[in-house]
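# Topology and contacts: notes
So the chains spell out like this:
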Amino acid sequence: MSTKMIRTLVKKEMLDVLRDKKTVIMMLVIPVILYPLIFIGAMQVMSMVTSSMEQQTYRIAVAADDNGVLRKKLENSSQEKEKEKEKEKEKDEEFVLVDAQNMADYEQELQNSTVDVYISGASSGNQTQYQIYYLSSSENSSYAANLVENQLEDLSKEISKQRVEAAGLDVVGILEPVSYEKKDTASSEQSLGSIMGSVLPFMLIISLLMGTMYPAIDTTAGERERGTLETMLTLPVTNRQLIVGKFITVAVIGMVSALLNILSMGFIAFYIYQVMGMQMETVSFDAGLFLPAIVVSVLAVFAFSLFISAATMCVTSFAKSYKEANNYITPFMLVVMLTGYIGFIPNIELTQTMAVVPVANICLLIKNLLLFQLDQGVVALVLMSNLAYAVLAILFLSKIYDSEAILFGDSKSSFQIFENRNNLKKGGVPTVSDAWFIIALTLVVVLYAGSIMQIKYGIRGLFGTQMLLFAVPFLVVLYTKKDLRLTYGLQGTRLSGFFAAAILSVGLFLFNMVLSFGLIALFPEGAQRVSDSFSAIMDGGALVNLLVIALTPAVCEELLFRGVVFHSLKEKSRPFAAMVVTAAIFGAYHLSLVKFIPTGLLGFALCYVVYRTGSIFPAMLMHFMNNACSVLLSEYPALFKKIVPGLYRRVPTVSDVLLLAGAGLLLIGIGLMLLNYGSGAKNKEAGSMR
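Residues numbered from 1 in each chain as written. Predicted model: local features only at pLDDT ≥ 70, side-chain atom pairs only at ≥ 80, totals over all residues. Heavy atoms only, no water.

### Things to note about the pattern of salt bridges
Within the structure shown, the criterion is met by 5 salt bridges. Note that Glu-223 and Lys-246 form a salt bridge whose closest N and O atoms lie 2.4 Å from each other. One end of the pair, Glu-223, is in helix 7 (residues 188-226); the other, Lys-246, is in helix 9 (residues 239-279), and 23 residues separate them in sequence. Grouping residues by exposure puts Glu-223 and Lys-246 together as buried. (Salt bridge = Lys/Arg side-chain N within 4 Å of Asp/Glu carboxyl O. Helix = DSSP H or I, 4+ residues; strand = E, 2+ residues; numbered from the N terminus. Buried < 20%, exposed > 50% of the residue type's maximum accessible area, 1.4 Å probe, protein only.)

The following block contains the structure:
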């Protein structure tokens, strides 16, 4: 690859991007000027609001049968505060007691803000019970209610003290038999790091996204809208050189934006340090202790900027104009923002599982670093995972630029679900855009409705969830007038295909068990959650479990993933790429890092079976047998422990692993041979997966 050509392309892309003032504004003005102004301005506003609340006069109506005890307490409190503040010539909150005798309707008085709090009460024996009426929708009323509550607590202590003294008893010994003092052992640096660790990662994530978004749009959709993309492709430049040049441009701008944001955040932290130092003279901070955290955070942010740059370019590459690119990037921004909120959630730890979750791993890593919690292994995992995601995104981007249909657009890539049904032609399979829409819509429906059904109805809810997996895509396919036979792969096939799929299923199950042993050792918590969730739904007996857990997913999930998704992707890309993407979606659908690799491998094998046989029915059999094995092993442990004891050991031996892996690979090999031999002449033309 010519580095000179790439440098020329980067220079050209950089000039194009920097000509746009919006990019410069988002990269320079917002982090350097706007963020400090927002932060400092917010602190000033909060200070002003707090001061205003403290200097407010609150109207209190007391209608309590307590011989005027509470009224006297409130009057004395206001008088004492006035005397204290006269010396400082400041005004504190005070109570104005309103006559409650003439109030016909205290609720209406509260609504009209004639009074802020209305108090009623009556004495019974040695106790007086008060009721505090206020409006939670009114800031003044809520604040006044809290002040009155504090006064009542003080009054209760005063009366208790008087009664104990009158009885001639030890006041302290009776009223305060236990004395304690809280002492914070956290250093000043840890306290400051705790505050910064919740806010700064989220702000960095958002600013990085904003910094890379506009150059990504300009280098992809912007160039397409200007009509210069065709000209670029006619030059003696390979697609890979073009992609690398564009990516380097967006990544450099993202890194510069990240660096400016870090400097801006550092200025804010220094400002907080100075303010806290002036307000609390005894508090001191050693800024040098934050240096290792800052260095590692910079590396993490740079690694994340590579990933976010590649990801935004992938999203915007499908758009044909600036407007369309902004529409595409909005859902992506929402996902990133919502994931970035994880830094505000308490007690979320940066485990090995979380270290490979995009966006969340960076937020938690920076938070831990500012708390001086440094785990070199986890740091390396976060950095490597972000670099890996960036490489995968770049490879996906290269696939996009290899596809003229995606670059220049055609009807097979557009959303047909949003078109007038009368304008749609019958036949064919869903477009790639419609397939992605089906995946997103189905996932949302399953997450909301399916989760509720499973929690409320158990295994019956699981059956309902599987029905949703079938119904949602089916309705979209019907609306867009697609051919059900082609979309779902409902063609017939030879019996040899079913036989090969059955053997392949058993072999893959054994091999996935070996993979699961390693994943359980790496992610024990995730494995335990998977085990618990599986046990929770195994409450219907062997026959019902086989029907709901094995048969129903084998039909419904296959119709969605190996039917709609795989056939849509295969129509627009090479079979191998379609298999990989479908398998990844299938693995991610199960929402478990422990299950992702085994489930993804199963998904790839199911796609291959559909591809070789031309029918979805052998894949349904294979899916059913895989799930049935799990059900039977759980239902009849005593029987299968005698047959395959290695599957039940918490720590399998080396011989167990070798035996299971060897048997699995042998059966997989036999299944593939039978599958390729029996696929028939019908699929000879599809014999190579390039």
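Moving on from the model shown.
### Considerations on the pairing of strand 3 (residues 117-124)
Side-chain direction in a regular strand flips from residue to residue, so the side chains alternate between the two faces of the sheet. Relative to strand 3, strand 1 (residues 57-65) is paired through 6 bridges, and the arrangement is parallel. Note on strand 3: the bridge partner recorded for Ala-61 is Tyr-118. Here 7 bridges tie strand 3 to strand 4 (residues 127-133), and the two strands are oriented antiparallel to one another. Bridge pairing in strand 4 places Ser-120 opposite Gln-131. (Pairing = 2+ DSSP bridges.)

### Side note on the environment of Ser-634
Take Ser-634: it is sitting in helix 23 (residues 617-635). Using a relative accessible area of 36% as the deciding quantity, one classes Ser-634 as partly exposed. For Ser-634 and Ser-535, which are 99 residues apart along the polypeptide, the C-alpha to C-alpha distance reads 8.5 Å.

### Brief notes about the nonpolar core
The biggest cluster of nonpolar side chains holds 69 residues, and the ones touching the most others in it are Phe-304 and Leu-350. Those elements that provide at least two residues to this core are helix 7, helix 9, helix 10 (291-316), helix 11 (322-340), helix 12 (360-370) and helix 13 (376-402). It is helix 10 that provides the largest number of residues to this core, a total of 14 residues. Phe-304 has contacts with Ile-205, Leu-208, Val-359, Ile-362 and Asn-386, leaving out every residue within four places of it along the chain. If you look at the next biggest cluster of nonpolar residues, it comprises 40 residues, including Ile-417, Tyr-488, Val-564 and Leu-602. (Core = buried A, V, L, I, M, F, W, Y, C linked by side-chain atoms within 4.5 Å. Contact = heavy atoms within 4.5 Å.)

### Focus on the pairing of strand 1
In this sheet, strand 2 (residues 94-98) lies alongside strand 1 in parallel orientation, the contact comprising 5 bridges. When the bridges of strand 2 are listed, Ile-60 appears paired with Leu-97.

### A short note on unusual backbone geometry
Positive phi outside glycine occurs at Phe-372, with the angle close to 65°. Position of Phe-372 relative to the elements: it lies in the loop between helix 12 and helix 13. Residue Phe-372 is classed as partly exposed on the basis of its relative accessible area of 34%. Phi at Lys-481 is positive, roughly 60°, even though this residue is not glycine. With respect to the helices, strands and loops of the structure, Lys-481 is situated in the loop between helix 16 (459-479) and helix 17 (484-488). Among the residues examined, Lys-481 registers a relative accessible area of 18% and is labelled buried.

### Quick notes on the sheet that holds strand 2
Reading across the sheet, the 4 strands line up as 2-1-3-4 and stay open at both edges, with mixed pairing between neighbours. The sheet is open, and its two borders are formed by strand 2 and strand 4, each paired with just one other strand. Along the sheet, successive strands turn relative to each other by an average axial angle of 30°, direction set aside. (Axes fitted to C-alpha atoms, helices over the stretch in contact; angles between N-to-C directions.)

### Brief notes about helix 21 (residues 575-589)
Helix length check: helix 21 (15 residues) gives 21 Å between terminal C-alpha atoms against 21 Å at 1.5 Å per residue, within 8%. Those residues of helix 21 that fall on the buried side of the exposure criterion are Pro-575, Ala-578, Met-579, Thr-582, Ala-583, Ile-585, Phe-586, Gly-587 and Tyr-589. Contacts made by the buried residues of helix 21 are with helix 15 (432-457), helix 16, helix 20 (541-572), helix 22 (593-613) and helix 23. Backbone geometry just after helix 21 places Leu-591 at a positive phi near 55°. (Expected span 1.5 Å × (residues − 1).)

### What about the packing of aromatic side chains?
Scanning all chains against the criterion turns up 13 aromatic pairs. Between the aromatic rings of Tyr-341 and Phe-344, the centroid separation amounts to 5.8 Å while the plane-to-plane angle is 45°, which identifies the pairing as tilted. Note on Phe-344: relative accessible area 39%, which makes it partly exposed. Centroid distance Phe-561 to Tyr-589: 5.4 Å. Interplanar angle 55°. Geometry classified as tilted. With Phe-561 in helix 20 and Tyr-589 in helix 21, this pair connects stretches of sequence that are 28 residues apart. Through a chain of ring-to-ring contacts, the aromatic side chains of Tyr-106, Tyr-118 and Tyr-133 assemble into a single cluster. One cation-aromatic arrangement involves Arg-562 over Phe-586; the distance from NZ or CZ to the ring centre is 4.2 Å. (Phe/Tyr/Trp six-rings, centres within 6.5 Å; stacked < 30°, edge-to-face > 60°. Lys NZ or Arg CZ within 6 Å of the ring centre and 35° of its normal.)

### Remarks on the packing of helix 7 against helix 12
With their axes 8 Å apart at the nearest point, helix 7 and helix 12 run at an angle of 160° to one another. As the angle between them shows, helix 7 and helix 12 are arranged roughly antiparallel. As for the relative orientation of helix 7 and helix 12, their crossing is right-handed in sense. Residue-level inspection shows Glu-189, Gly-193, Met-196, Gly-197, Ser-198, Pro-201, Leu-204 and Ile-205 of helix 7 in contact with helix 12, the latter providing Ile-362, Cys-363, Ile-366, Lys-367 and Leu-370. (Parallel < 35°, antiparallel > 145°, perpendicular 65-115°, else oblique. Left-handed = near helix turned anticlockwise from the far one by under 90°.)

### Describing helix 16
Compared with an ideal rise of 1.5 Å per residue, which puts 21 residues at 30 Å, helix 16 spans 31 Å between its outermost C-alpha atoms and is within 8% of the ideal. Where helix 16 is concerned, the buried positions are Ile-459, Gly-461, Leu-462, Gly-464, Thr-465, Gln-466, Leu-468, Leu-469, Val-472, Pro-473, Val-476 and Val-477. Once helix 16 ends, the next one or two residues include Lys-481, with phi positive near 60°.

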